[in-house]
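# Residue-level structure breakdown
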Amino acid sequence: MLRRSKHRAPAAFIILLILLIFLVVWNINSGSIHISVKEILQILFQKQGDETAYNIVWEIRLPRILAALILGGALSVSGFLLQTFFSNPIAGPFVLGISSGAKLVVSLVMIYMLEKSAVASSGLMVVAAFGGSMISMGFVILIARKVKNMSMLVICGIMIGYICSAVTDFVVTFADDSNIVNLHNWSMGSFSGISWENVKLAAAVIFICMLLTFLMSKPIGAYQLGESYAQNMGVNIRAFRIALILLSSILSACVTAFAGPVSFVGIAVPHLVKSLLKTAKPILVIPGCFLGGAVFCLFCDLIARTVFAPTELSISTVTAVFGAPVVIYIMIRRKRSM
């Protein structure tokens, strides 16, 4: 048993990496224009090949794949941090209304900039999404102080999400027709149309957040064993909670800014990773969540693009189909154990 547990984590990471590489190649290969694996390798490593295929790979498919990989990983880690903060297995950016808050503020900024015939920069979108995330998170924390029941907290988070979505819909109703089209495509959730500039900014922000999160592995592990235990281990609880809030908000804000609201990834993937690793140790779960989120979003994006091609599904539609059953299973298992 000890030998099995010793080799489980390396085996799980190898499986996730193999799936990641396989899905990256499959995503590049799939689309309305078929490009063989041989051509893909020539385009990527020798920068040779048909001009049309070259532009499709480098300007359309590769930025989208990298965005799905980076943002999917970030959303999964954000969910893990929120589950740690609230000690709730179904806490996540989408369920607690944090993504909806980010969506509301980004929508307001997008409409304002479009009415001024200007284009919102990537940095402005991230800042707007972060502001919306923090506003929603603030409301959730205020409710958490009043409500001790975690189930009630989740319900309140869902209500905050509905309120933000209702305000967003109200604002969109009075926007110009051209603004509505741009906003509707983004608000449904999609990795399409992402540029190299978006990918570079998202990668830079998420890399810093991931590095800080990984450095917090030891305090997170202590906090999982209880607040009193963490304090006895020398963890500054107030500073630790602020750090968790900021990191989870920035990670989910990046996703919302570039891909719109994406549902269930932040809840389902951390549990799937923990089941695969058979451990809750943050030093293993954090990188595992990032890889798992990347694999999950690449798989869902592939389905969104190809199943009903040329019609493209929203990414949230597909993630909900695969993520919602996991959440239902978690709730049933938790109910049985109580």
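The following paragraphs examine the structure supplied in this document. Everything numeric in this text was worked out from a predicted model, so none of it was measured.

### Looking at a nonpolar patch on the surface
Taken together, the side chains of Ile21, Val25, Val37, Leu41 and Phe45 define a hydrophobic patch exposed on the protein surface, amounting to about 490 Å² of accessible area. For the nonpolar patch, the secondary-structure elements that each account for two or more residues are helix H1 (2–29) and helix H2 (37–46). Considering every element that reaches the nonpolar patch, the biggest residue donor is H2, with three residues. The topology assignment puts Val37 in helix H2.

### Topic: the pattern of salt bridges
For the structure on display, the rule yields three salt bridges. Between Arg64 and Asp301 there is a salt bridge; the shortest N-O distance is 2.8 Å. In this pair, Arg64 is assigned in helix H3 (residues 51–86) and Asp301 in helix H13 (residues 282–306), connecting sequence segments 237 residues apart. Looking at Arg64, the relative accessible area reads 10%, which means it is buried. Given the relative accessible area of 2%, Asp301 is considered buried. One salt bridge in this structure joins Arg64 and Glu312, with 2.7 Å as the shortest N-O distance. Of this pair, Arg64 sits in helix H3 while Glu312 sits in the loop between H13 and helix H14 (315–337), placing them 248 residues apart in sequence. Taking relative accessible area as the criterion, Glu312 reaches 35% and is therefore assigned partly exposed. The structure contains a network of salt bridges with shared partners spanning Arg64, Asp301 and Glu312.

Quick notes on the rules
Residues numbered from 1 in each chain as written. Predicted model: local features only at pLDDT ≥ 70, side-chain atom pairs only at ≥ 80, totals over all residues. Heavy atoms only, no water. Patch = residues over 30% accessible without salt bridge, like charges linked within 9 Å, V, L, I, M, F, W, Y side chains within 5 Å. Areas by Shrake-Rupley, 256 points an atom, 1.4 Å probe, with all protein chains shown as cover. Salt bridge = Lys/Arg side-chain N within 4 Å of Asp/Glu carboxyl O. Helix = DSSP H or I, 4+ residues; strand = E, 2+ residues; numbered from the N terminus. Buried < 20%, exposed > 50% of the residue type's maximum accessible area, 1.4 Å probe, protein only.

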